[in-house]
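A closer look at the structure
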Amino acid sequence: MSRISRLPSPLLRAAACTGVAALALTACGSGSGSGTASTGSGSVKVGLITKTDTNPFFVKMKEGAEKAAKENGAQLSTAAGKFDGDNAGQVTAIENMVAAGVKGILITPSDSKAIVPAIQKARAKGVLVIALDTPTEPESAVDALFATDNLKAGQLIGEYAKAAMKGKTAKIAALDLAPGVSVGVQRHNGFLKGFGVTEKDVVCAQDTGGDQAKGQTAMENCLQKAPGINVVYTINEPAALGAYTALKAKGREKDVLIVSVDGGCTGTQAVKDGKIAATSQQYPLKMAAEGVKAVVTFAKDGKKASGYTDTGVTLITDKAQDGVTSKDTAYGLANCWG
């Protein structure tokens, strides 16, 4: 989920510094525009490029990569866009990392299509490229993809919502991401599939960009359009918390079911607090750790990772429903990120 803007984005990092400096032990450049630093003393050089570097999802991803690099004796360089959608920054980061001699690059594409030419150039020079979290378009543009099954994540919360409604007629609001973004489309479609409904059963759909303030505005708009809404699907937990705020202002927070996707610590706590009924938790640390291991394996024996690796998703709720597999918030908080 391109990855969603899970929280409002402040100023973020730019692309990595050029040349070997990108792999130095101290950060290069200055201010928020710097790429960063390496871990480990081994000869295998690995690059990690995320959409941003302050979003908790990507912070956890970086932590996973750093730990795996240290455990596997690899050097890690990291870079991030100035904002979610900064394709130019990611292109520059790829070019700099290739020039620095990385054996592999792990990337969460900001623009799944526009990044492809830069990836192709890197692969043509013998660099293993693995997409994390967000597939490229086409998916075959990279050697491999390590990510959440976002269709399944949506389906889990759809199945949960249907069971929780216990036969009552659902009036559904969908607080989505943005048009055409693969993560958002997959989660939305998965929810509909899990609930056993179609688009005609959605009484209001609004884009939020995964932003909390926009989620609140979207929910306010939906309540004006369809006051009888009783189920809210949200693309992520910030959007869910925005919806909760809008519903609470109308005195509706107790009689509307909110479900979401992500499993961040703030969102999981919101499930425990009863603000969100359930969320599908994903695991960014695992994505990055497995990616680093794959690059090290490639460097040592030439074996390339390929295809899609599902890094897992778990339904988190404290109000379990018959026929829907889930774990409670104690598990969710022990495995959350952010």
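That block above? That's the structure.
Just so you know, these numbers come straight off a predicted model, no measurement behind them.

Rules behind the numbers
Every chain begins its residue count from 1, and numbering advances along the sequence as written. Reporting of local features is limited, given that this is a predicted model, to residues whose pLDDT is at least 70; pairs of side-chain atoms are given and counted only at 80 or more, and all residues count toward the totals for whole chains, interfaces and linings. Side-chain figures throughout are based on the complete set of non-hydrogen atoms in the structure, without hydrogens or water. Any Lys or Arg side-chain nitrogen located within 4 Å of an Asp or Glu carboxyl oxygen qualifies as a salt bridge. Starting at the N terminus, helices and strands are each numbered in turn, a helix being any DSSP run of H or I of at least four residues and a strand any DSSP run of E of at least two. Residue exposure (1.4 Å probe, protein chains only): buried if accessible area is under 20% of the type maximum, exposed if over 50%, otherwise partly exposed. Cysteine sulfur pairs qualify as disulfides if the two atoms are within 2.5 Å. What counts as an axis is a line fitted to C-alpha atoms, over the stretch in contact for a helix, and the angles between N-to-C directions run from 0 to 180 degrees. The hand of a helix crossing depends on one turn: near helix anticlockwise from the far one by less than a right angle means left-handed, and clockwise means right-handed. Whether two residues are in contact is decided by their heavy atoms: any pair within 4.5 Å suffices. Expected helix span is given by 1.5 Å per residue-to-residue step, counting one fewer step than there are residues. Within 3.5 Å is the distance limit for a polar contact, defined as a pair of N or O atoms, with the added protein rule that one can donate a hydrogen and the other accept it, and that residues adjacent in sequence qualify only through two side-chain atoms. Think of it this way: a Phe, Tyr or Trp ring, Trp meaning its six-membered ring, pairs with another when their centres are within 6.5 Å, and the plane angle makes it stacked under 30 degrees, edge-to-face over 60, tilted otherwise. Here, strands pair whenever DSSP counts at least two bridges between them.

**Considering the pattern of salt bridges**
Two side chains bearing opposite charge may form a pair once their charged atoms approach each other closely. All told, the structure shown has eight salt bridges when counted by the stated rule. Note that Lys113 and Glu137 form a salt bridge whose closest N and O atoms lie 3.9 Å from each other. With Lys113 in the loop between strand S3 (104–107) and helix H3 (116–124) and Glu137 in the loop between strand S4 (128–132) and strand S5 (144–147), this residue pair connects regions lying 24 residues apart in the sequence. Residue classification places Lys113 among the exposed positions, given a relative accessible area of 56%. Residue Asp143 is joined to Arg123 by a salt bridge in which the shortest nitrogen-to-oxygen separation is 3.0 Å. One end of the pair, Asp143, is in the loop between S4 and S5; the other, Arg123, is in helix H3, with 20 residues separating them in the sequence. Exposure remark for Asp143: the relative accessible area of 10% places this residue in the buried category. Overall, Arg123 belongs to the partly exposed group, its relative accessible area being 30%. Among the charged side chains, a network of salt bridges with common partners joins Arg123, Asp143 and Lys304.

**Examining the state of the cysteines**
Scanning the model with the defined rule gives two disulfides in all. Here Cys204 pairs with Cys222 through a disulfide, and the sulfurs are 2.1 Å apart. An S-S torsion of about -80° defines the bridge between Cys204 and Cys222 as left-handed. Highlighted residues: Cys204 in strand S7 (residues 202–207) and Cys222 in helix H6 (residues 212–225), separated in sequence by 18 residues. Cys222 shares its class with Cys204; the two are buried. Through a disulfide, Cys265 is tied to Cys336; the S-S separation comes to 2.0 Å. The S-S bond linking Cys265 to Cys336 shows a torsion near 90°; that makes this disulfide right-handed. Residue Cys265 is located in helix H8 (residues 265–272), and its partner Cys336 is located in the segment after helix H10 (329–334); the two are separated by 71 residues in the primary sequence.

**Structural notes on the packing of helix H4 (residues 150–165) against helix H5 (residues 182–195)**
Contact geometry of H4 with H5 gives a least axis separation of 6 Å together with a crossing angle of 35°. The handedness of the crossing between H4 and H5 comes out as right-handed. Touching Asn150, Leu151, Gly154, Gln155, Ile157, Gly158, Glu159, Ala161, Lys162 and Met165 of H4 are Val183, Gln186, Arg187, Asn189, Gly190, Phe191, Lys193, Gly194 and Phe195, all from H5.

**Describing H4**
Compared with the 22 Å implied by 1.5 Å per residue over 16 residues, the 23 Å span of H4 between its first and last C-alpha is a close match. Listed in full, the buried residues belonging to H4 are Asn150, Ala153, Gly154, Leu156, Ile157, Gly158, Tyr160, Ala161 and Met165. If you follow the buried residues of H4, they end up packed against H5, strand S8 (231–234), strand S9 (257–262), strand S10 (278–282) and strand S12 (313–316). The N-cap of H4, judged by a side-chain oxygen 3.2 Å from the amide nitrogen of Leu151 a few residues on, is Asp149. Directly after H4, the chain includes Lys166, whose backbone phi takes a positive value near 50°.

**What to know about the packing of aromatic side chains**
How two aromatic rings sit relative to each other is set out by the distance from centre to centre and by the angle between their planes. Per the stated rule, a full pass over the model turns up four aromatic pairs. Here Phe191 and Phe195 contribute two aromatic rings whose centre-to-centre distance is 5.8 Å and whose plane-to-plane angle is 50°, an arrangement assigned as tilted. With Phe191 and Phe195 both in helix H5 and four residues apart, the pair spans about one turn of that helix. Each member of the pair, Phe191 as well as Phe195, is classed as buried.

**A word on the sheet that holds S12**
Within the open sheet, the six strands sit side by side as S7-S6-S8-S9-S10-S12. Their pairing is mixed. Either end of the sheet is taken by a strand with one partner, and the two such strands are S7 and S12. Taken pair by pair, the neighbouring strands of this sheet meet at an average axis angle of 15°, ignoring direction. Note: S9 against S10, four bridges, orientation parallel. In the sheet register, Ser260 faces S10, and the bridge partner there is Thr279.

**Looking at the sheet that holds strand S1 (residues 44–50)**
Pairing is parallel in the open sheet, where six strands are placed in the order S2-S1-S3-S4-S5-S11. The strands lining the two open edges of the sheet, one partner per strand, are strand S2 (74–80) and strand S11 (307–310). Between one strand axis and the next, the sheet turns through 20° on average, direction left out of account. Of the strands in this sheet, S1, S2, S3, S4 and S5 touch helix H9 (residues 284–301), which is tilted by about 170° from S4.

**Describing the environment of Ser112**
As for its placement among the helices and strands, Ser112 is situated in the loop between S3 and H3. There is a polar contact of 2.9 Å between the side chain of Ser112 and the backbone oxygen of Pro135.

**Description of the side chain of Thr136**
The residue Thr136 is located in the loop between S4 and S5 in this model. Once you skip the residues sitting within four places of it in the chain, Thr136 turns out to touch Pro109, Ser112, Ile115, Val116, Ile119, Ala141 and Val142.

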